[in-house]
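As a plain string of letters, each chain reads:
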Amino acid sequence: MLGDFNDYIETGDVAASSLPDLVRWNQVENVVEQLPANDQWTHYYKGGNAYRQLDYILVSKSLSSLVTSVEIERRGMPKRAIRYDGRRFRGVGQDNPKASDHCPVLVELNV
């Protein structure tokens, strides 16, 4: 399963969302959790200076041992997202323009 789930796992009111149940289901693995904790973000929200995960790839437990790499593409993030200090796509500015406020997750499987 993959995509922009548009919700946070760590919301204060877990009853308001089924996302924690899906992501923590014992039949799948959130591949982003293979990255260091400080790198497990796919979205930056300026209002709370928050770096969180909204975008997911959940692989089945039977495929999780075949994951060889996990990356998050952040070159389209605005420069105000200072936690990312790598190269950006040409033309990306402080606030605008930006490619997106989300970062795609990429996974490689050795099948």
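In what follows, the structure referred to is the one given above.
Below is a short write-up of the structure. The structure displayed is predicted, hence computed values, not measured ones. (Residues numbered from 1 in each chain as written. Predicted model: local features only at pLDDT ≥ 70, side-chain atom pairs only at ≥ 80, totals over all residues. Heavy atoms only, no water.)

### A look at the sheet that holds strand β5 (residues 55-60)
The strand order β1-β5-β2 describes an open sheet built from three strands, whose pairing is antiparallel. A single partner strand is all that each edge strand has here, and the edge strands are β1 (2-4) and β2 (28-30). Adjacent strand axes in the sheet meet at a mean angle of 25 degrees, parallel and antiparallel pairs treated alike. Bridge count for β2 against β5 is three bridges, and the pairing is antiparallel. Note on β5: the bridge partner recorded for Glu 29 is Val 59. (Pairing = 2+ DSSP bridges. Helix = DSSP H or I, 4+ residues; strand = E, 2+ residues; numbered from the N terminus. Axes fitted to C-alpha atoms, helices over the stretch in contact; angles between N-to-C directions.)

### Section: the pairing of β5
Looking along a regular strand, one sees side chains alternate from face to face of the sheet. Burial of β5 is extensive: five of the six residues sit out of reach of the surface. Bridging between β1 and β5 involves three bridges; their strand directions are antiparallel. Directly across from Asp 4, in β5, lies its bridge partner Asp 55. (Buried < 20%, exposed > 50% of the residue type's maximum accessible area, 1.4 Å probe, protein only.)

### Things to note about unusual backbone geometry
For the bond from Asn 96 to Pro 97, the omega torsion is -10 degrees, close enough to zero to count as cis. Phi is positive for Asn 6, which is not a glycine, with a value near 50 degrees. Tracing the backbone through its elements, the reader meets Asn 6 in the loop between β1 and α1 (19-23). Assessed through its relative accessible area of 55%, Asn 6 is described here as exposed.

### Examining the layout of surface pockets
Each pocket or cavity is described by its volume, and for the largest pocket that value is around 180 Å³. When its residues are assigned to classes, the lining of the largest pocket shows six nonpolar, four polar and five charged. (1 Å grid on protein atoms, 1.4 Å probe; cavity = no way out; pocket = protein on both sides within 12 Å on 5 of 7 lines; lining within 4 Å. Points joined across faces, edges and corners; volume = space filled by probe spheres on them. Nonpolar A, V, L, I, M, F, W, Y, C, P; charged D, E, K, R; others polar.)

### Structural notes on the pattern of salt bridges
Counted by the stated rule, this structure contains three salt bridges. A salt bridge links Asp 95 to Lys 46; its shortest N-O distance comes to 3.9 Å. In this pair, Asp 95 is assigned in the loop between β6 (67-72) and β7 (105-109) and Lys 46 in the loop between β3 (43-45) and β4 (50-52), connecting sequence segments 49 residues apart. You can call Asp 95 partly exposed: its relative accessible area is 28%. Three or more residues are tied together by salt bridges with common partners; here these are Lys 46, Arg 80 and Asp 95. (Salt bridge = Lys/Arg side-chain N within 4 Å of Asp/Glu carboxyl O.)

### Things to note about the side chain of Asn 30
Structurally, the position occupied by Asn 30 is in strand β2. In this structure the side chain of Asn 30 is engaged in a polar contact, spanning 3.1 Å, whose partner is the side chain of Gln 53. Dropping the residues within four chain positions of it, Asn 30 is found in contact with Val 23, Gln 53, Tyr 56, Ile 57 and Leu 58. (Polar contact = N/O pair within 3.5 Å; in protein donor to acceptor, adjacent residues only side chain to side chain. Contact = heavy atoms within 4.5 Å.)

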